[in-house]
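# Examining the three-dimensional arrangement
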Amino acid sequence: MSTPTILEKIKAYKLDHIAACKEARSIGDVEAAARTAGPVRPFAKALTRAVHNGYGLIAEVKKASPSKGLIREDFDPEALARAYEAGGATCLSVLTDGPSFLGDDAYLSAAREAVSLPVLRKDFMYDTYQVAEARALGADCILIIMASVSDAQAKELESAAAIWGMDALLEVHNRAELDRALALSSPLIGINNRDLNTFETTLDVTRGLIKHVPADRLIVSESGLSGPKELAELAMYGARCFLIGESLMRQDDVTTATRQLLANPLTAAHGGGM
């Protein structure tokens, strides 16, 4: 029997976690909380606006990762959210998975309350319960990892997000996953440069897949990005939105680092289409 991959291990404990959450709190209670969570902030629209004269940045609030361990010791979600907003980030991504990323649901709510930016709940989604839970926490967008769900699950999660008025970021890593994602309706296609089975990272993933993404979808390149040169290079291929966490989280001055990352963007005239 083969050794489970990192993604398979995460899925196993996440399904147990979802079952425990359902025991502790009924779907009715979660949905009631979701209905009183306040207006959804337009996530996809914010990114679409941003790319007209620069880059769209989803800045990530991330304490740790399975591959790198603890990323930031002085971890303050509210302060980090404000630093990202001051630096010019378009949206936030907040890790809520505990076992692998030392995340917490409370981090999302705290970060969102501190700023006016739309927020993505970064977690491993398998059940519509989690979608309602995301809205109850204040999330404006959910992540759907195509490598970890069936087509039916992906469609169910996307539909649930739409019911709550949220966007969905469809994350892919290879051509097969991309083709599956394109059968869905979300305009947001996240190309993850990190293989979630091995956690190895290469920007060749974005370079290779981007030409297969139709012009009516908005590409978000994720993982392995750290500087303006990388962003400019991928912008030449047509990527103008980026999800970046670790490289910014390691900086002493997160606001300045974010501002410098976004300075002098390659204009749309020099790069590919949206």
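Because the structure is predicted, anything quoted here is derived from the model rather than measured.

Scoring rules and cut-offs
Residues numbered from 1 in each chain as written. Predicted model: local features only at pLDDT ≥ 70, side-chain atom pairs only at ≥ 80, totals over all residues. Heavy atoms only, no water. Helix = DSSP H or I, 4+ residues; strand = E, 2+ residues; numbered from the N terminus. Buried < 20%, exposed > 50% of the residue type's maximum accessible area, 1.4 Å probe, protein only. Contact = heavy atoms within 4.5 Å. Areas by Shrake-Rupley, 256 points an atom, 1.4 Å probe, with all protein chains shown as cover. Lys, Arg positive; Asp, Glu negative; His and termini not counted. Charge placed at Lys NZ, Arg CZ, Asp CG, Glu CD. Core = buried A, V, L, I, M, F, W, Y, C linked by side-chain atoms within 4.5 Å. Salt bridge = Lys/Arg side-chain N within 4 Å of Asp/Glu carboxyl O.

Once that is clear, we can look at the overall build of the protein chain. Along the backbone of the protein chain there are twelve helices and ten strands. Dimensions of the protein chain, computed from C-alpha atoms along their principal axes, come out at roughly 55 × 40 × 35 Å. Expressed as a percentage of its 274 residues, the buried residues of the protein chain come to 53%. Here the analysis covers contacts within the protein chain between residues at least 6 apart in sequence; of these, 69% occur between residues at least 24 apart. Per element, the accessible surface of the protein chain, about 11,700 Å² overall, is 52% carbon and sulfur. Charge-centre separation for the protein chain: the mean point of 29 positive side chains lies 4 Å from the mean point of 36 negative side chains.

Residues L47, Y84, L92, V131, I142, I144 and I189 are the most contacted members of the largest nonpolar core, which totals 93 residues. I189 has contacts with L169, L170, V172, L178, A181, L182, V213, R217, L218, I219 and V220, leaving out every residue within four places of it along the chain.

This part covers the environment of I210. On the secondary structure map, I210 appears in the loop between α9 (204–209) and β9 (218–222). For the pair I210 and E233, spaced 23 residues apart in sequence, the C-alpha to C-alpha distance is 13 Å. Look past the residues within four positions of I210 in its chain and what remains in contact with it is I191, I219, Y237, G238 and A239.

A separate point is the pattern of salt bridges. For the coordinates displayed, the defined rule picks out 17 salt bridges. For the salt bridge of R72 with D74, the shortest nitrogen-to-oxygen distance reads 3.3 Å. R207 is the salt-bridge partner of D204, the closest N and O atoms lying 2.4 Å from each other. Remark: R207 and D204 occur in helix α9; sequence separation between them is three residues, near one turn of the helix. Given a relative accessible area of 48%, D204 falls into the partly exposed group.

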